[in-house]
Amino acid sequence: MLHKVSASKFSFCQTLPNALKKARHNDRLLLMSGSYHMPLFISQSLKLSGNKATITGSITIPKGVTVHFEQIKFQQNKQIIIEGTALFHQCHFKESEHVIVRGGQLNMTECIITNTPIAITNNGGAVLSNCHFTTCHTSSIIVTHAQIELVNCRFEDALHAVVLKEHAKANITQCHFMKQRHIQLLAQNNSELLIHDSTIEHGYNNAIHGEQNSVVKLQNTIIQHHLMTQIVMHSCTLQMENCKVQYSRKYGLQLVQCAEATIEHCHFWQNSDAHISSTAQSALFMTNSTLHGPSKIGVQLQEKSVAHFSRTVFKHQLSIQLLLSEHANASIEQCTFCTGLQGIVAQQHSHCTLLDSVISNHQQSAIAVHDSELIALSSQIIRNNGYGLTAQHEAAVMLENNRFSDNKLSHIIATKKSNITINKSKFIRGKGMYIADSSLLYMTKSTIYDGNDAQITGNNSTKIYIVESKLCNGRAEAIQTTNNCLLHITRSTISAHPLQQIVMNHGSLVLLDSLIEKGLQHAIALSNYCDARIENCQIMQHQDTQLIATLHSTIKLLKTQLTGGNMMNIDISHHSKANLEHCTLTNKKQAPNAQATHFSEMSLKHSTMNNYLCSDEKKEL
């Protein structure tokens, strides 16, 4: 039944209180234009529609009652309390105190809500579609122990757009949030926030803040242009898929206090301080994503945080692309780091595992490890303008099946008691390795080819072990050590260097079962209190004297062949000693096989040579 209702007491139509008394279940009340200043308690299911009708009194809809409002303006209402079901279509709420859904159900379509907060509590529910929320002095929507669904809605100019306070759930699809004065969407106390196909932008604080065991799920959503961190997760869980996070004044995403984030197919672009910051034992899992643009840091892991990156690209960061500190732990698989100042930096007892990844085109170190650990497997460190890898302060690095090439500075620098272990790796075109300050290099089954400087340089009490490896075709020395270094070479080949192939100053050499060949100068040059043990080796085809020892150096050669040289095989001088046993010395007869000068001594036992021994000092034959 249709009831026409007038706002004027002089009208022939009945007044709203009378109409409500006479109306039966599911009747329709047509409100004429005007203002209705009265509290309404609607005790039965009705439909109220109006054209330019305004209701300014409070409204109560009790349990079991369904009321449908259409094209009505609600202005300066104290409260609209919904314990039953309320449906609003093309209505306008303005300057009202509250809309409270207390265990009931609220449906809104094509409504405008101006400075009218909505509170949903006590297991109530709400579905809002095609609505516009604007200019609210407090939060537009607050949900507590209830749930809400938002479809194609627009929120702007409130303190918060949506607040999930406790055990609340929001499902948001195709919505637009902008210019909230504080956090745009807030999830607290075991709440769940689901956002699909939406845009959250131009906020004055955070876009999304989750805390206290809440869950936030984002899909196909753009988050951009916030003055603070765009997404903050504090002791809660985040899932992101096919999202863009860009143009933040601080961080794109911040994980705090055991937070956890799973990110797939997402794009982070131009977030100022860092794309992602993870602290206090938080966990990050990132797959098939990109971190791009001039942020200071790509990802920053601190305070025992952990992360796993898979098939992700880091590009164009201004400082460090991945920073680990304070016992952080990261595993990296099939990722690319390119075009930044530094690629990966691990410090303060952190750990990083790198697998099947590429690190290239950095201005400084591609990888820097400070008092931390790095494991790199089947990866490429290539075309960096700075160093390939630097290890300092007792760093520990293990490399296997890696390729270092075309780095303009040293492929590897290890200083201050750092340990480098290399297996089955290749080093091509660069300035080789520099190992210093009581550091250790252990290299097996690897190749160093070409290079602009000495291929391996040792300094200050370092230990260098080379096993089943090949150093060849360099542009300077193969190995150069100074100041009390130990060099131990086993079953290896050193070939075709234009300067001395092995040069040692005040150190120890052990050379076993190896081949040193085809150098343009000396094979081995020892000086200043060096000692060497050379056993079962072949030293051959050098243009200059093959082995030189001077200044109190000592050499013991066992079962070794020095052949095919154009000049002398062994030349010792200045208080040096050489002991040859079961050795063979031959050359092209242009010079003596060996000579000992300047108070040096040489002894031969069961050895042969094709030319005369020459000496101007005492010698033992």
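Rules used throughout
Residues numbered from 1 in each chain as written. Predicted model: local features only at pLDDT ≥ 70, side-chain atom pairs only at ≥ 80, totals over all residues. Heavy atoms only, no water. Helix = DSSP H or I, 4+ residues; strand = E, 2+ residues; numbered from the N terminus. Rg over C-alpha atoms; globule rule 2.2 N^0.38 Å. Buried < 20%, exposed > 50% of the residue type's maximum accessible area, 1.4 Å probe, protein only. Areas by Shrake-Rupley, 256 points an atom, 1.4 Å probe, with all protein chains shown as cover. Lys, Arg positive; Asp, Glu negative; His and termini not counted. Charge placed at Lys NZ, Arg CZ, Asp CG, Glu CD. Patch = residues over 30% accessible without salt bridge, like charges linked within 9 Å, V, L, I, M, F, W, Y side chains within 5 Å. Salt bridge = Lys/Arg side-chain N within 4 Å of Asp/Glu carboxyl O. Polar contact = N/O pair within 3.5 Å; in protein donor to acceptor, adjacent residues only side chain to side chain. Contact = heavy atoms within 4.5 Å. pLDDT = per-residue confidence, 0-100. Core = buried A, V, L, I, M, F, W, Y, C linked by side-chain atoms within 4.5 Å. Pairing = 2+ DSSP bridges. Phe/Tyr/Trp six-rings, centres within 6.5 Å; stacked < 30°, edge-to-face > 60°.

Trainee: Could you give an account of the overall build of the chain, naming the residues involved and the relevant values?
Mentor: Looking only at helices and strands, one finds one helix and 78 strands in the chain. Whereas a compact globule of 621 residues would reach a radius of gyration of roughly 25 Å, the chain reaches 39 Å, over 25% beyond that. Evaluated residue by residue, the chain yields a buried proportion of 56% over its 621 residues. A total of about 24400 Å² of accessible surface is found on the chain, and carbon and sulfur atoms cover 46% of it. Between the centroid of the 50 positive side chains of the chain and the centroid of its 43 negative side chains there is a distance of 8 Å.

Trainee: So what's going on with a nonpolar patch on the surface? Which residues, and what values?
Mentor: A cluster of nonpolar side chains, namely Tyr204, Leu227 and Met228, defines an oily patch on the protein surface of about 260 Å² accessible area. Inspection of the secondary structure puts Met228 in the loop between strand E28 (222-224) and strand E29 (231-234).

Trainee: Run through the side chain of Glu201, naming residues and quoting values.
Mentor: Relative to the elements of secondary structure, Glu201 occurs in strand E25 (residues 199-201). Although buried, Glu201 forms no salt bridge, and the nearest oppositely charged side chain, Arg154, lies 6.4 Å from it. Of note is the side chain of Glu201, whose polar atom sits 2.5 Å from the side chain of His176. Among the polar contacts made by the side chain of Glu201, one reaches the side chain of Gln224 at a distance of 2.7 Å. Each residue touching Glu201, except ones within four places of it in the same chain, is listed here: His176, Phe177, Met178, Lys179, Gln184, Gln224, His225 and His226.

Trainee: How would you summarise the confidence of the model for the chain if you had to cite specific residues and measurements?
Mentor: Per-residue confidence for the chain gives a mean pLDDT of 94; residues scoring 70 or more make up 97%. Every residue in residues 616-621 is under pLDDT 50, and counting partners more than four places away or in other chains gives 18 contacts.

Trainee: How would you sum up the nonpolar core? Please name residues and give values.
Mentor: One broad trend across soluble globular proteins is that nonpolar side chains are buried collectively. In terms of nonpolar packing, the biggest core is built from 158 residues, with Phe69, Phe88, Leu128, Ile141, Ile208, Phe309 and Ile524 touching the most fellow members. Not counting residues up to four positions away in its chain, the partners in contact with Phe88 are Phe69, Phe74, Ile82, Phe93, Leu106, Asn107, Met108, Thr109 and Cys111. Counting seven residues, the second largest nonpolar core, distinct from the first, contains Tyr251, Ala274, Ile297 and Val345.

Trainee: Which residues make up the pairing of strand E45 (residues 351-355), and what are the values?
Mentor: Bridge count between strand E42 (residues 329-333) and E45: five bridges; the pairing is parallel. Each bridged residue has a counterpart across the sheet, and for Asn329 the counterpart in E45 is His351. For E45 and strand E48 (residues 373-377), the ladder comprises five bridges, and the chain directions are parallel. Each bridged residue has a counterpart across the sheet, and for Thr353 the counterpart in E48 is Ile375.

Trainee: Tell me about the packing of aromatic side chains, and name the residues and values.
Mentor: Under the counting rule described, the total for this entry stands at 11 aromatic pairs. When the ring of Phe314 is compared with that of Phe337, the centres are 4.3 Å apart and the planes differ by 10°; the resulting orientation is stacked. Taken together, the residues Phe314 in strand E40 (residues 313-315) and Phe337 in strand E43 (residues 336-340) connect sequence positions 23 residues apart. Clustering of aromatic rings is evident, with ring pairs tying together Phe69, Phe74, Phe88 and Phe93.

Trainee: Could you give me a rundown of the pattern of salt bridges, with the residues and numbers involved?
Mentor: Working definition: two side chains of opposite charge can pair if their charged atoms are close together. In this structure the tally under the stated criterion is 10 salt bridges. The partner of Glu70 in a salt bridge is Lys47, and the shortest N-O contact between them spans 3.3 Å. Of this pair, Glu70 sits in strand E7 (residues 66-75) while Lys47 is found in strand E5 (residues 46-55), placing the two residues 23 residues apart along the sequence. Among the ionic pairs, Arg181 bridges to Asp157, the shortest N-O distance being 3.0 Å. Taken together, the residues span a long stretch of sequence, with Arg181 in the loop between strand E22 (176-178) and strand E23 (185-187) and Asp157 in the loop between strand E19 (154-156) and strand E20 (162-166) at a distance of 24 residues. Exposure remark for Arg181: the relative accessible area of 35% places this residue in the partly exposed category.

Trainee: Outline the side chain of His160, listing residues and values.
Mentor: The residue His160 is located in the loop between E19 and E20 in this model. In this structure His160 comes out as buried when scored by relative accessible area, which is 9%. A distance of 2.8 Å separates a polar side-chain atom of His160 from the backbone oxygen of Ile183. Those residues in contact with His160, other than ones at most four positions away along the chain, are Thr138, Ser139, Ser140, Gln180, His182, Ile183 and Gln184.

Trainee: Report on the pairing of E20, specifying residues and quantitative values.
Mentor: In this structure, strand E17 (residues 141-144) lies alongside E20, joined through four bridges in parallel fashion. Looking at E20, one finds that Ile141 is bridged to Val162. By the bridge criterion, three bridges tie E20 to E23 in an arrangement that is parallel. Its bridge partner being in E23, Val162 is matched across the sheet by Leu185.

Trainee: Lay out the environment of Thr287 in plain terms, naming residues and giving numbers.
Mentor: Inspection of the secondary structure puts Thr287 in strand E36 (residues 283-287). For Thr287, a relative accessible area of 18% puts it in the buried group. When the C-alpha atoms of Thr287 and Phe309 are compared, they prove to be 5.9 Å apart, with 22 residues separating the residues in sequence. Leaving out residues up to four positions away in the same chain, Thr287 has contacts with Ile263, Glu264, His265, Ser310, Arg311 and Thr312.

Trainee: Tell me about unusual backbone geometry, and please be specific about residues and values.
Mentor: Residue Thr135 is not a glycine yet carries a positive backbone phi of 50°. Examined against the element boundaries, Thr135 turns out to sit in the loop between strand E16 (132-134) and E17. If you check the backbone angles, Ser461 has positive phi at about 60° while not being a glycine. Its place among the elements puts Ser461 in the loop between strand E59 (456-459) and strand E60 (463-467). Residue classification places Ser461 among the partly exposed residues on the basis of a relative accessible area of 33%.

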